[in-house]
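For reference, the chains in residue letters:
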Amino acid sequence: MSSTSTVLQIPEILMQICKHMMYQKPTLASLARTCRMFEEPALDVLWHSLNGFYPLAKCLPSNVWDEKEDGSGKYVELTQPLNPIDCSRLLHHARRVRCFVAGYWFHGYRNKKRVDVSIYQALQVVMHNTKLLPNVQEITWSCGMGLDISPFIQMFLGPNLTKINFHFSPPVSSVELTVILVLREHYPLLENVTFSYSVDASSLSIESPRQVTELISSSVFQWKNLKNLFVPNLTYTALVRLSQLQNLQKLTIENHQLDNVEPVTMKGGFPALIYIAILGCGRIMGFISLLKLMDYSPVRNILVNIEKIETSSSLENVFFSINQHCCHHTLAALNFGDGCGEHGRDFITRTRDEMVESKVLKPLLDFPNLRHITIRPARGFDFTDSIMAKEIAGSWKKAEHLTLQARPFTRATSPSKFTLLDLIPFAENCPKLIFLGLPLDASNPPRIDEENLPCSRARETKLSQLLVGDSPVKNPALVAATLSGIFPALKRIKTIEEQESGSNADGADHKAWKQVEELLQVFDAVRKQERSWKVKCQSDAA
């Protein structure tokens with residue numbers, strides 16, 4: 001026997017070969033049909049992930065079904081009674097499925113190949129208590145719009161299920177709510193759970209989200225192995241009990257609304273949590289109450305959007321709570337915004353008195369390992385002097401992406417007091433910084449001379465993109481020269497108007513900043529040319 005034949009007797013090697021062809025399904029199918037050694041591993045990879053039940057339904061004998069087509073696409077319909085022996089080929093392949101996506105609609109994607117409800121009904125009768133997908137580990141189930149197959153979900157839920165993504169459709173039916181109960185009672189080993197709406201929850205009646213919230217809240221803490229949870233909302237009582245789970249690492253809440261309760265501070269809460277995202281929070285206390293359940297948790301990533309923050313002190317309370325309840329050495333990413341859903345795309349103006357005082361950021365300066373920081377309050381920041389720039393740059397020395405600006409569709413009535421020279425501390429202290437967004441006043445640009453020249457270590461700065469927001473600018477040539485002296489690698493300037501309108505942006509300041517961007521390319525080319533000449537001169541001298 002040759003060495004090649006010997007190697008191909010090892011199942012693990014055959015499986016690895018097939019996995020390399022996992023996206024070449026015709027090749028896998030041919031391999032399974034032509035080589036007995038490859039048959040099993042090729043079929044395992046071929047059927048590992050299944051988008052819809054259509055391929056399995058066509059494994060039934062061809063005399064019991066018929067393929068038809070309507071305006072929505074192709075579908076398979078049962079035409080003859082189904083016998084248990086008719087399911088043998090279907091079950092032979094179904095046992096290989098590990099990941100399954102079910103539903104006619106899924107996040108805007110319409111599956112054009114579907115299965116008529118008659119086949120599900122017949123299989124439910126024929127299969128009795130047998131699971132269609134006995135080895136499935138991950139299921140994504142979208143109730144969709146049109147054909148709802150939720151009543152048949154139990155046929156697909158195998159005993160090894162560890163991950164489920166369940167997407168409700170409006171109005172949420174009693175069958176969909178029953179699914180939550182089934183998962184709670186019969187699948188205690190779930191590790192990754194997602195419940196969400198297939199449309200914006202705001203389009204639903206008040207009663208429907210309330211029922212869903214209460215039922216999910218009574219279920220989630222019973223999954224003791226839970227590692228990742230994504231839900232529309234949770235009651236405060238559920239959050240308290242959830243904070244005691246030892247394995248929960250990721251928590252995402254779409255629309256967090258605080259119950260009318262007095263928040264408590266927990267000891268040992270969320271001991272394994274590394275990621276938390278609150279995609280929408282009605283009240284600032286809703287997020288603070290959640291933070292109070294954390295006992296110096298090792299969170300690495302925080303993403304939160306609060307609908308409206310009235311005062312600077314309210315925002316300072318949020319950042320103080322983060323300081324008090326999150327580990328200072330693990331937090332690496334913070335993405336914070338407010339008001340994103342309140343004004344939509346309507347412009348609002350903000351006076352200096354309405355802006356957020358920059359001092360509210362001070363509680364966050366105790367997190368030295370922050371790498372990605374995006375804080376975009378609707379009213380913007382009021383940076384009053386250069387001291388704050390030095391403190392921020394000196395505290396967040398590992399920063400790679402840093403944005404401290406108002407969100408799009410807002411305008412300041414007066415420019416920031418940060419000048420281009422206030423960028424120098426970031427060049428000197430943040431060697432890994434590649435993206436920076438700050439409100440600037442470039443209407444009176446200074447010149448870089450020996451007195452304000454950045455120190456030598458600033459030459460290694462990697463900053464390539466600068467987000468200037470609605471900063472005013474005059475004398476683009478001088479601004480470009482100054483920026484090139486501070487950030488030699490800077491190539492891209494982005495304005496708030498560009499964020500709002502894309503290629504249609506045509507305001508005066510936007511055009512001036514684009515001139516700055518073009519001149520930066522010129523300065524970069526000249527600098528490279530000078531280096532080339534220097535190398536050539538040294539070579540000639542040698």
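Since the model is a prediction, treat every value here as computed from it, not as a measurement.

So, on to the overall build of the protein chain. Helix and strand counts for the protein chain stand at 17 helices and 24 strands. Per-residue burial for the protein chain yields a buried fraction of 49% across its 542 residues. Across the protein chain, the fraction of contacts at a sequence separation of at least 24, relative to all contacts at a separation of at least 6, is 77%. Surface summary for the protein chain: the accessible area is close to 25,800 Å², and the carbon and sulfur share equals 52%.

What follows deals with the packing of helix H11 (residues 284-291) against helix H12 (residues 312-325). Direction vectors running N to C along H11 and H12 enclose 10 degrees, while the axes themselves pass 9 Å from each other. It follows that H11 is roughly parallel to H12 by the angle criterion. Every residue of H12 that contacts H11 at Ile284, Phe287, Ile288 and Leu291 is listed here: Ser314, Leu315, Asn317, Val318, Ser321, Ile322 and His325. Looking at the contact of H11 with H12 residue by residue, the classes come out as seven nonpolar, four polar and no charged.

As a further point, take the sheet that holds strand S2 (residues 65-70). Pairing is mixed in the open sheet, where three strands are placed in the order S2-S3-S7. Each end of this open sheet is capped by a strand with a single partner; those strands are S2 and strand S7 (113-115). With direction set aside, neighbouring strand axes in the sheet form an average angle of 25 degrees. Both strand S3 (residues 73-78) and S7 contribute to a ladder of three bridges, which runs parallel. Of the residues in S7, the one forming a bridge with Tyr75 is Arg114. With respect to the sheet, helix H7 (residues 117-127) is in contact with S3 and S7, its orientation differing from that of S3 by roughly 35 degrees.

Attention now moves to the side chain of Asn323. By secondary structure assignment, the location of Asn323 is in helix H12. The class of Asn323 is buried, set by a relative accessible area of 9%. Of note is the side chain of Asn323, whose polar atom sits 2.6 Å from the backbone oxygen of Pro363. Sequence-distant contacts of Asn323, that is, excluding residues within four places in its chain, are made with His328, Pro363, Asp366 and Phe367.

Another point: the environment of Ile373. In this structure, Ile373 sits in strand S18 (residues 372-376). For the pair Ile373 and His401, spaced 28 residues apart in sequence, the C-alpha separation works out to 6.1 Å. Those residues within four positions of Ile373 in sequence are excluded, and the remaining contacts are Leu334, Trp396, Ala399, His401, Leu402, Thr403 and Leu404.

Glancing now at the packing of aromatic side chains. Inspection of the entire model under this criterion finds 14 aromatic pairs. Ring centres 6.5 Å apart and planes at 70 degrees place the aromatic pair Phe166 and Phe195 in the edge-to-face group. Of the two residues, Phe166 is situated in strand S9 (residues 163-168) and Phe195 in strand S10 (residues 192-197); the sequence distance between them amounts to 29 residues. Neither residue differs from the other here; Phe166 and Phe195 are each classed as buried. Between the aromatic rings of Phe168 and Tyr197, the centroid separation amounts to 5.8 Å while the plane-to-plane angle is 45 degrees, which identifies the pairing as tilted.

Of the two faces of strand S24 (residues 492-495), the one holding Ile493 and Thr495 is buried and the one holding Arg492 and Lys494 is not buried anywhere. Taken together, strand S23 (residues 465-469), helix H15 (residues 476-486) and S24 constitute a β-α-β crossover, and its handedness is right-handed.

Taken residue by residue, the protein chain gives an average pLDDT of 83. The fraction at 70 or more is 86%. Ignoring residues within four places in sequence, the model shows residues 340-344, a span with pLDDT below 50, making eight contacts including any to other chains.

Here the focus is the pairing of strand S20 (residues 401-404). Examined bridge by bridge, S18 and S20 share four bridges and lie parallel to one another. Counted as the bridge partner of Thr374 is Thr403 from S20. Sheet topology places S20 next to strand S22 (residues 435-437); three bridges connect them, and they run parallel. Residue pairing across strands places His401 opposite Phe435, the latter belonging to S22.

Attention now goes to the side chain of Asn369. Along the polypeptide, Asn369 turns up in the loop between strand S17 (356-357) and S18. Look at Asn369 and you get buried, because its relative accessible area is 14%. Of note is the side chain of Asn369, whose polar atom sits 2.7 Å from the backbone oxygen of His329. Ignoring anything within four residues of it in the chain, the contact list for Asn369 reads His329, Leu331, Ala332 and Lys398.

A word on the pattern of salt bridges. In the structure shown here, the tally under the stated rule is 16 salt bridges. As a salt-bridge pair, Arg184 and Glu185 come within 3.1 Å of each other at their nearest N and O atoms. Note that Arg371 is salt-bridged to Glu400, the shortest N-O span being 3.9 Å. Of this pair, Arg371 sits in the loop between S17 and S18 while Glu400 sits in the loop between helix H13 (386-395) and S20; the two residues are 29 residues apart in sequence, bridging distant segments of the chain. Within this structure, Glu40, Asp44, Arg95 and Arg96 form a network of salt bridges that share partners.

Here we come to the nonpolar core. If you look at the biggest cluster of nonpolar residues, it comprises 153 residues, and the most contacted ones within it are Phe53, Phe100, Ile322, Leu404, Phe426 and Leu483. Of the residues forming this core, the biggest block, six residues, is contributed by H7. Not counting chain neighbours up to four residues away, the residues in contact with Phe100 comprise Leu50, Gly52, Phe53, Leu133, Val136, Glu138, Ile139, Thr140, Trp141 and Phe156.

The subject of this paragraph is unusual backbone geometry. Its identity is not glycine, yet Phe270 carries a phi of approximately 45 degrees, on the positive side. Within the secondary structure, Phe270 is located in the loop between strand S12 (250-253) and strand S13 (275-281). Judged by its relative accessible area of 1%, Phe270 is buried. Backbone geometry at Asn475 places phi at a positive 55 degrees, although glycine is not the residue there.

You can see Pro26 is positioned in helix H3 (residues 25-34). Pro26 sits 20 residues away from Leu46 along the chain, and the two C-alpha atoms are 9.1 Å apart.

Quick look at H15 now. Across the 11 residues of H15, eight count as buried, placing the element largely inside the fold. Looking only at H15, the buried set comprises Pro476, Leu478, Val479, Ala480, Thr482, Leu483, Ser484 and Ile486. Where H15 is buried, its residues meet helix H14 (424-429), S23, S24 and helix H17 (508-541).

Cut-offs and rules
- Residues numbered from 1 in each chain as written.
- Predicted model: local features only at pLDDT ≥ 70, side-chain atom pairs only at ≥ 80, totals over all residues.
- Heavy atoms only, no water.
- Helix = DSSP H or I, 4+ residues; strand = E, 2+ residues; numbered from the N terminus.
- Buried < 20%, exposed > 50% of the residue type's maximum accessible area, 1.4 Å probe, protein only.
- Contact = heavy atoms within 4.5 Å.
- Areas by Shrake-Rupley, 256 points an atom, 1.4 Å probe, with all protein chains shown as cover.
- Axes fitted to C-alpha atoms, helices over the stretch in contact; angles between N-to-C directions.
- Parallel < 35°, antiparallel > 145°, perpendicular 65-115°, else oblique.
- Nonpolar A, V, L, I, M, F, W, Y, C, P; charged D, E, K, R; others polar.
- Pairing = 2+ DSSP bridges.
- Polar contact = N/O pair within 3.5 Å; in protein donor to acceptor, adjacent residues only side chain to side chain.
- Phe/Tyr/Trp six-rings, centres within 6.5 Å; stacked < 30°, edge-to-face > 60°.
- Right-handed = clockwise from strand over helix to strand, strands pointing away.
- pLDDT = per-residue confidence, 0-100.
- Salt bridge = Lys/Arg side-chain N within 4 Å of Asp/Glu carboxyl O.
- Core = buried A, V, L, I, M, F, W, Y, C linked by side-chain atoms within 4.5 Å.

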